[in-house]
Amino acid sequence: MENLRANLQESHVDDIPEPDDSLFHTLDAQQRTRSDNQRMLLHAMVVIVTDKQTDETGAGELVAELLAEDDFRVDAVVTVPSRKPAIRQAIQTAVVGGTDLVVTVGGTGHGPRDKTPEATRAELDRKIPGISEALRSSGLAANSLEAGLSRGVSGVAGSTVVVNIASTRSAIRDGMAALGPLVRHVVADMNRSS
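From a predicted model like this one, the values you see are computed outputs, not experimental measurements. The residue numbering used here restarts from 1 in each chain and proceeds along that chain's sequence as written. Selection of residues for local features in this predicted model requires a pLDDT of at least 70, selection of side-chain atom pairs for listing and counting requires 80 or more, and totals for whole chains, interfaces and linings are taken over all residues. With hydrogens and water excluded, all non-hydrogen atoms of the structure serve as input to the side-chain values.

Participant: What is the right way to read the pattern of salt bridges from this model?
Facilitator: Two side chains of opposite charge can pair, provided their charged atoms sit close to one another. Whenever Lys or Arg places a side-chain nitrogen within 4 Å of a carboxyl oxygen from Asp or Glu, that contact is recorded as a salt bridge. The tally for this structure, following the rule as stated, stands at 5 salt bridges. Its salt-bridge partner being R73, residue D75 comes within 3.7 Å of it at the nearest N-O pair. Each residue is assigned to one of three classes by its accessible area relative to the maximum for its type, calculated with a 1.4 Å probe on protein chains only: buried under 20%, partly exposed between the two thresholds, exposed over 50%. According to the relative accessible area criterion, D75 is partly exposed, its value standing at 42%. Ionic pairing is found between D189 and R192, a salt bridge with its closest N-O pair at 2.7 Å.

This is the structure we're talking about:
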């Protein structure tokens, strides 16, 4: 009986194949696929640029709501005056805080008080003109002149994506629909190890 048990145990041990590298590569690929299909929660900050004391248009609330629907966690909605130092300070605060996305709303027109693009350019390490072009294009397609004629810029400051959008409701709705996938792609690119 003991010989039978020993033979059974030995035969079972011999039947188990030693895993090779291809098994581990397959498991790694499956894990990456699972991770890619799960949307990463990104942090965002909304900066309303206005000459008024408060956001009377509700643009900040609208942007925050649309970001939340696109699985962004909105950490703050702040209102700053239409002055370059105030806009730059808001962007710097977000960058230092590790925010993934800063959306500035307003100050992208052609008037003398529209200073958001200039303030934003001063903070960017790299420009991403494709995002701004996509926002203008989607705005024009939806007949939003403010979005289509916006001077807004976009780019990366540190590891934060910064995007300017016009402050009209149509510009916000159209812009936010186009923005989410573009930002996720840029963030994934920046997080990709070489």
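Participant: Looking at this structure, I do not really get the packing of helix α4 (residues 84-96) against helix α5 (residues 116-123). What am I missing?
Facilitator: Pairs of packed helices are described in terms of their axes, by the angle between the two and the distance that separates them. Here α4 crosses α5 at 45°, and the two axes come no closer than 9 Å. Between α4 and α5, the angle falls in the class oblique. Of the two possible hands of crossing, α4 and α5 adopt the one that is right-handed. Where α4 approaches α5, its residues K84, I87, R88, I91 and Q92 are matched on the opposing element by T116, E118, A119, T120, A122 and E123. Basically, the charged four are Asp, Glu, Lys and Arg, the nonpolar ten are Ala, Val, Leu, Ile, Met, Phe, Trp, Tyr, Cys and Pro, and anything else, Gly included, counts as polar. Of the residues in the contact of α4 with α5, the class split is 4 nonpolar, 3 polar and 4 charged. Each axis is a line fitted through C-alpha atoms, and for a helix only the stretch in contact is used; angles between axes span 0 to 180 degrees, taken between their N-to-C directions. Numbering goes from the N terminus for both helices and strands, where a helix is a DSSP run of H or I of at least four residues and a strand is a run of E of at least two. For classification purposes, angles smaller than 35 degrees are called roughly parallel, those larger than 145 roughly antiparallel, those between 65 and 115 roughly perpendicular, and all remaining angles oblique. Handedness of each helix crossing follows the sense of rotation of the near helix against the far helix: counterclockwise by less than a right angle gives left-handed, clockwise gives right-handed. In what follows, residue pairs with any heavy atoms lying within 4.5 Å of each other are defined as contacts.

Participant: What is the right way to look at helix α3 (residues 59-69) in this model?
Facilitator: Because each turn of an α-helix spans 3.6 residues, side chains separated by three or four positions in sequence point in the same direction. By the burial criterion, the buried members of α3 are A59, G60, L62, V63, A64, L66 and L67. Those residues of α3 that are buried are in contact with β1 (42-49), β2 (72-80), β3 (101-105), β6 (160-165) and α8 (169-191). At the exit of α3 stands D71, carrying a positive phi of roughly 65°.

Participant: Looking at this structure, I do not really get the nonpolar core. What am I missing?
Facilitator: Side chains of nonpolar character tend, in soluble globular proteins, to be buried together. The criterion is simple. A nonpolar core is a set of buried Ala, Val, Leu, Ile, Met, Phe, Trp, Tyr and Cys residues joined through side-chain atoms within 4.5 Å. Core analysis: the largest hydrophobic core is formed by 26 residues, its most contacted members being V63, L67, L101, V105, I165, I172 and L179. Within the residue set of this core, elements represented by two or more residues are β1, α3, β3, α6 (129-141), β6 and α8. A per-element tally of this core places α8 first, with 6 residues. With residues near it in sequence (within four places) discarded, L101 still touches H43, A44, M45, L67, F72, T160, V161, V163, L179 and V183. Core analysis: the second largest hydrophobic core is formed by 15 residues, M45, V80, L124 and V153 among them.

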